[in-house]
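Single-letter residue listing:
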Amino acid sequence: MRDTVRRRVSFSLRRLIPMRLELTPLECSALFPILRQAQKISRNVSNHRTFRDEAKLVANGSTVTLMVTDLESAILVPLCSAQDMGEWSIKLEPLLKFVAFGKAAPLTIEVGETITLRVGSSTGSAIGNSPAADWPMWPLATQVPATVLGAATYLGAKLREELSYVLPAAARELGRFAMNGVCFDVLDQKIQLVATDGRRCAMAALATTLEELPKSTVLERLPAQILAALPGSVISMRWLQGQLGSLLTFEAEGWTLCARAVEGDFPRYRAVTSMPASRCTTVQVRAAELLSVLDGLLPGIDEKKKDFVTHTICNGDVRLVTKSSEGHVTRVRPGGDVTFALRADFFRDAVKAHGKEVDEISIEVVDGKSPVRLMNPLEPSRCYVVMPVVSE
C-alpha cells in the first residue's frame, strides 16, 4: 500500500514539474522531414484508434524519444537527453507546425499537465496526457535482445534512388498481400530490390556487405515509400526474429524505422525475367524522343479501360499505335523485326522510371507473347519487365 501511494505522489510531482526540452534551429531542420514522413504513418491508423494523428513521447531517464506508429510500422526519433521518466501523447499537427517555426529560432517544449510549444513570441499548446491504453508497445521491443538474422549497410542516396525506381511496380491489392511491397532478395552478395504486381516487375541491385541474411524478405509498401523519403547518408538495416515475429529495422542518424516483415511467399520472378540473349530482339531508342512521342499519345488513352499501345519494330524505326493515334521513334541500334502490345500506363511508368537524364532506352523482346524488358544500357543492374497484352 505504501509503495502504491509513493508511486502516485512521485507521478504527481513529475506532472507538476514540467519536463523542458529545447531544440536548436539545426535540430528542428533535421527533425522536420522526419516528422512529415511520420505523419503518413499516423494517418494510416484506423479512425477509431485514439492514437491516430498522435505521437508518443517516452522519457526513460536518459533519453526522450518520439514514437509514431500504425501497428505495422513505426518511426522512433531521439529528441534529446533528459533525466525525467514518463509517457505523454501529443498531436502531430501543432508539433509539426512549431518544428517548422523552429528552423528560424529555438523551439522549447514543456511537458506537464499540458504540452506547451514556444518559438520566440509564438506560443501554442497540444493535448498532453498519459497515452491511451491501446497505444501499441511493439516497436520498443526492438530494444530487447532478439535473434539477429542478418545486417546490411547502404549508402542512403543509392537506397532511396533504387526504392523510388521499383516502387511503382508494387501491387496494391489486399488479396495479394505478399506482393504489396518491396522484396529484399539476396543474389550473388548483392541485395536485389524487387517489386511486382503480377503483370510487371521492377528490379534494382544494391552492392553491400552482407551477413547471413534470409533469402527473401518483403517490406510493406508504406514503410518502403517512407524509407525512400527519409534523410541519411548511411542507412543500417537489420533483420530481427523475436516473439512478435520478423522485424526489419532501418537506422540512420536521427531516426529508426521499424516494420513488420510481410509474411508469405514472394513470386518466383527470376524465371519470368530471364531472357535468352540469342532469341531476343533488341532495339535502342533515344529516351527523350520516346518520351516526347508518349506524351503525344497518352492524352488520348483511357487508362480506366486499360488501353494498350502496339509497338511494331520494323525498317529502322519503332511504330507506336493506339486506338486514336500513332507515333514513330527512330532506333539507334540495328535489330530484328517484331510486333508486341503493352498496357499504356505500364509502358509509361517503365520509361519514366529511368529518368529524363538517360540518353537511350533498350527494349528487349523475344516475340509478341513474351515479356518485354526495358532498361538503360549503361545500367544493367536495374530493369523493368512488362507482360504483353495478347489479343487473338
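Before any of the text, the structure's been laid out above.
Residues numbered from 1 in each chain as written. Predicted model: local features only at pLDDT ≥ 70, side-chain atom pairs only at ≥ 80, totals over all residues. Heavy atoms only, no water.

A. Representation of the overall build of the protein in the model. Across its full length, the protein holds eight helices and 24 strands. Across the 392 residues in the protein, those meeting the buried criterion constitute 49%. For the protein, restricting intrachain contacts to residue pairs at least 6 apart in sequence, the fraction spanning at least 24 positions comes to 67%. If you sum the accessible surface of the protein, you get close to 19300 Å²; carbon and sulfur atoms cover 52% of it. (Helix = DSSP H or I, 4+ residues; strand = E, 2+ residues; numbered from the N terminus. Buried < 20%, exposed > 50% of the residue type's maximum accessible area, 1.4 Å probe, protein only. Contact = heavy atoms within 4.5 Å. Areas by Shrake-Rupley, 256 points an atom, 1.4 Å probe, with all protein chains shown as cover.)

B. View of the side chain of threonine 217. Locating threonine 217 in the fold gives a position in strand β13 (residues 216-220). Judged by its relative accessible area of 7%, threonine 217 falls in the buried class. A distance of 2.9 Å separates the side chain of threonine 217 from the side chain of tryptophan 239, its partner in a polar contact. Leave out the neighbours within four places in its chain, and threonine 217 touches Val182, Cys183, Phe184, Trp239, Leu248 and Ala261. (Polar contact = N/O pair within 3.5 Å; in protein donor to acceptor, adjacent residues only side chain to side chain.)

C. Seen up close, the pattern of salt bridges. By the definition in use, this model includes 19 salt bridges. Ionic pairing is found between arginine 382 and glutamate 162, a salt bridge with its closest N-O pair at 2.7 Å. Linking arginine 382 in strand β24 (residues 382-386) with glutamate 162 in helix α4 (residues 156-166), this pair joins segments that are 220 residues apart in sequence. On the accessibility criterion, arginine 382 (5% relative accessible area) is buried. Note on glutamate 162: relative accessible area 1%, which makes it buried. Here aspartate 197 ties to arginine 200 by a salt bridge, and the two come within 3.2 Å at their closest N and O atoms. Residue aspartate 197 is classed as buried on the basis of its relative accessible area, which comes to 5%. (Salt bridge = Lys/Arg side-chain N within 4 Å of Asp/Glu carboxyl O.)

D. Structural view of the side chain of threonine 256. Here threonine 256 shows up in strand β16 (residues 255-262). Excluding residues that lie within four positions of it along the chain, threonine 256 makes contacts with Ala74, Ile75, Leu76, Phe250 and Glu251.

E. Seen up close, the layout of surface pockets. As a volume, the largest pocket reaches approximately 350 Å³. Those elements giving two or more residues to the lining of the largest pocket turn out to be α2 (25-42) and β4 (73-81). The element contributing the most residues to the lining of the largest pocket is α2, with five residues. For the lining of the largest pocket, the residue count by class is twelve nonpolar, three polar and two charged. (1 Å grid on protein atoms, 1.4 Å probe; cavity = no way out; pocket = protein on both sides within 12 Å on 5 of 7 lines; lining within 4 Å. Points joined across faces, edges and corners; volume = space filled by probe spheres on them. Nonpolar A, V, L, I, M, F, W, Y, C, P; charged D, E, K, R; others polar.)

F. Structural view of the nonpolar core. Counting 92 residues, the largest nonpolar core has Phe184 and Phe250 as its most contacted members. When residues of this core are assigned to their parent elements, the largest contribution, seven residues, is made by α2. With near-sequence residues (within four places) excluded, phenylalanine 250 lies in contact with Phe184, Leu219, Leu227, Ile235, Ser236, Met237, Trp255, Thr256 and Leu257. (Core = buried A, V, L, I, M, F, W, Y, C linked by side-chain atoms within 4.5 Å.)

G. The arrangement of the packing of aromatic side chains in detail. For the structure shown, the criterion picks out three aromatic pairs. Measuring from centroid to centroid gives 5.3 Å for tyrosine 165 and tyrosine 384, while their planes differ by 80 degrees, and the two rings are edge-to-face. With tyrosine 165 in helix α4 and tyrosine 384 in strand β24, this residue pair connects regions lying 219 residues apart in the sequence. We note that tyrosine 165, like tyrosine 384, is buried. Against the face of phenylalanine 32 rests lysine 103, its NZ or CZ located 3.9 Å from the ring centre. Looking at arginine 343, its charged tip hangs above the ring of phenylalanine 346, at a distance of 4.1 Å from the centre. (Phe/Tyr/Trp six-rings, centres within 6.5 Å; stacked < 30°, edge-to-face > 60°. Lys NZ or Arg CZ within 6 Å of the ring centre and 35° of its normal.)

Geometry only, nothing functional implied.
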